[in-house]
Amino acid sequence: MEPSAIIAAVLSVVNTSRLIVHLFQRQMQRNRARRQRKLREDMNSERGTDLSQSTGPRPVEIMVAMGHVDPVERRFWARETSTDWWDRIVLQVWDESQWLRNFRMRKGTFLELCELLSPALKRQDTRMRAALTIQKRVAIALWKLATPDSYRSVANQFGVGKSTVGVAVMQVAHAIIDLLLSKVVTLGDVQVIIDGFSAMGFPNCGGAIDGTHIPILGLDHQGSQYINRKGYFSMVLQALVDHKGRFTNINVGWPGKVHDARVFKNSGLFRWLQDGVYFPDRKITVGDVEMPIVILGDPAYPLMPWLMKPYTGALDTEKELFNYRLSKCRMVVECAFGRLKGRWRSLLTRSDLSETNILIVIAACCVLHNLCESKGEPFMAGWGVEANRLSADYAQPDTRAIRRAQRDALCIREALK
């Protein structure tokens, strides 16, 4: 490009800039003069004015007129949320099967749960916004616990913010623990439980015990302690169940690396059983041996006078029959874990909650499991299939057998055999 052409282009830009500045200054002077004249007129007529309303073109309008700015109207878009789906469809249109499929319980049970939780979930409206109803917060929590959906997906479904979903889940979980845990996860009528297990083939049995691993994200502190024998991060849930698969005692929070026997040994349940205070003192005589109320466990647990486990090693016919009877009754705890995770599928995928909040949510799911079981809520066949698909990446670790046994326990097991 020739030097003369460059100089001409620069002068053109400079002159254009000067013209813009000159026009801008003239317009500002005109606006100032108009405002002063208007002010004097208003003062004379004793009327007020809004000084923010000026006349004449703004500087940006001058730029548009000269072709330097595109005349585009600026708009600020915000995602609008709607509650119509919840208010007008779910509450008014859905039938019982839709409630069961999506909230894991029928509408009557849902409303009863809301009533039970209302003392802890009552909120007052503020000047800024109306508080979410108890029913909506409970519904958000149940939906999130029952599905592996993201927080954003649940938020869009209910027409709320993403953070609101997380808050609702923890509010409801805390309310469940505070108000329902001690009432719902409890031993109940021991004689009914004993009669139930007797009908299944094992005498004087008060429950079946086992542990299951709940997948979690790696924690910042002592992360390696949470890696189980299958290689993923997990937290152990230990549970004792009755003959119908309802939880009567739970212990949650131990890292996945810890053996089931150690979790049991350090639980309150172990101390109560050892001290003979968990069950009533109801012994039966088997042969010439007195047998207290016992619980049933797998080979990962120690053989105790109050804990029966199967024979291992070489088995004769009598030992095989004993193992069959025990296994048949002990299956109720494995079925309970399957139904727990089938209903509340969030337990099948890695949770991003903090360590403390994970404990609360797992325990709350156990309470909800008992509530559904006691109300006779159906367990849909598809839930088990979906649970198996989701849990494929998080298989339950194998736990090595414990050989420890007390002499009294050996005598009781031999008499039972």
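Remember, predicted model here, so these are calculated numbers, not experimental data.

Q: What should I look at first to understand the pattern of salt bridges in this one?
A: Oppositely charged side chains may form a pair once their charged atoms are brought near each other. One pass over the structure, following the stated rule, counts 12 salt bridges. Two residues, Arg 343 and Glu 373, come together in a salt bridge whose shortest N-O distance is 2.8 Å. On the criterion of sequence distance, the pair formed by Arg 343 in helix 13 (residues 317–343) and Glu 373 in helix 14 (residues 355–374) is long-range, its members being 30 residues apart. With relative accessibility at 18%, the residue Glu 373 sits in the buried group. Taking the shortest distance from any N to any O, the salt bridge between Arg 389 and Glu 386 comes out at 2.4 Å. Note that Arg 389 and Glu 386 are positioned in helix 15 (residues 381–390) at a spacing of three residues, about one turn of the helix. Within this structure, Asp 210, Arg 330 and Glu 334 form a network of salt bridges that share partners.

Q: Explain the nonpolar core to me, please; I cannot follow it from the model alone.
A: Nonpolar side chains in soluble globular proteins tend to be buried together. Core analysis: the biggest nonpolar cluster contains 103 residues, and Phe 103, Val 138, Phe 158, Phe 202, Phe 247, Phe 264 and Trp 344 have the highest contact counts within it. A per-element tally of this core places helix 14 first, with 12 residues. Those residues in contact with Phe 247 that lie beyond four places of it in its chain are Val 184, Val 185, Thr 186, Ala 239, Leu 240, Val 241, Ala 336, Phe 337, Leu 340, Cys 366, His 369 and Asn 370.

Q: Help me understand the side chain of Ser 234, please; the structure alone is not making it clear to me.
A: Looking at the element boundaries, Ser 234 is found in strand 2 (residues 234–241). Note on Ser 234: relative accessible area 0%, which makes it buried. Polar contacts involving the side chain of Ser 234 include one to the side chain of His 213, which spans 2.8 Å. There is a polar contact of 2.9 Å between the side chain of Ser 234 and the side chain of Asn 228. Apart from residues no more than four positions distant in its own chain, Ser 234 is found in contact with His 213, Ile 214, Pro 215, Ile 216, Tyr 226, Asn 228, Pro 255 and Gly 256.

Q: Just to check I follow, could you spell out the sheet that holds strand 6 (residues 294–296) for this structure?
A: In sheet architecture, strand pairing relies on hydrogen bonds along the backbone and comes in two forms, parallel and antiparallel. With respect to topology, five strands assemble into an open sheet ordered 3-2-1-6-7, the strand pairing being mixed. Each edge of the sheet is formed by a strand with only one pairing partner; in this case those strands are strand 3 (247–255) and strand 7 (307–308). Against the sheet, helix 10 (residues 190–200) engages strand 1 (205–215) and strand 2, with an angle of about 85° to strand 1. Sheet strands touched by helix 13: strand 1, strand 2, strand 3, strand 6 and strand 7. Its angle to strand 1, the strand with the most contacts, is close to 40°.

Q: In this structure, what is going on with unusual backbone geometry? I would like to understand it.
A: Leaving glycine out, the prevailing phi sign among residues is negative, and the prevailing peptide bond configuration is trans. Residues other than glycine seldom take positive phi values, yet Arg 104 does so here, at roughly 70°. With respect to the helices, strands and loops of the structure, Arg 104 is situated in the loop between helix 4 (96–103) and helix 5 (107–121).

Q: Help me out: how do you make sense of the state of the cysteines in this one?
A: In a disulfide, the sulfur atoms of two cysteines are covalently bonded to one another. As enumerated under the stated definition, the model contains zero disulfides in all. Cys 329 provides the cysteine sulfur closest to Cys 205, a residue in no disulfide bond, and the two sulfurs are 6.2 Å apart. Not part of a disulfide, Cys 365 finds its nearest cysteine sulfur in Cys 366, a span of 7.1 Å.

Q: Explanation requested: the packing of aromatic side chains in the structure shown.
A: Aromatic rings in a pair are described by how distant their centres are and how their planes are angled relative to each other. In this structure the tally under the stated criterion is 24 aromatic pairs. Seen in terms of ring centroids, Trp 86 and Phe 110 are 6.3 Å apart; in terms of plane orientation they differ by 70°. Their pairing is edge-to-face. On the criterion of sequence distance, the pair formed by Trp 86 in helix 3 (residues 84–90) and Phe 110 in helix 5 is long-range, its members being 24 residues apart. Taken together through their ring pairs, the aromatic side chains of Trp 85, Trp 86, Trp 94, Trp 99, Phe 103, Phe 110, Trp 143 and Phe 158 make up a single cluster. A cation sits over an aromatic face here: Arg 104 above Trp 383, 4.3 Å from the ring centre. Positioned above the aromatic ring of Tyr 311 is the side chain of Arg 413, whose terminal nitrogen or guanidinium carbon lies 4.0 Å from the ring centre.

What counts, and where the lines are drawn
Residues numbered from 1 in each chain as written. Predicted model: local features only at pLDDT ≥ 70, side-chain atom pairs only at ≥ 80, totals over all residues. Heavy atoms only, no water. Salt bridge = Lys/Arg side-chain N within 4 Å of Asp/Glu carboxyl O. Helix = DSSP H or I, 4+ residues; strand = E, 2+ residues; numbered from the N terminus. Buried < 20%, exposed > 50% of the residue type's maximum accessible area, 1.4 Å probe, protein only. Core = buried A, V, L, I, M, F, W, Y, C linked by side-chain atoms within 4.5 Å. Contact = heavy atoms within 4.5 Å. Polar contact = N/O pair within 3.5 Å; in protein donor to acceptor, adjacent residues only side chain to side chain. Pairing = 2+ DSSP bridges. Axes fitted to C-alpha atoms, helices over the stretch in contact; angles between N-to-C directions. Disulfide = S-S within 2.5 Å. Phe/Tyr/Trp six-rings, centres within 6.5 Å; stacked < 30°, edge-to-face > 60°. Lys NZ or Arg CZ within 6 Å of the ring centre and 35° of its normal.

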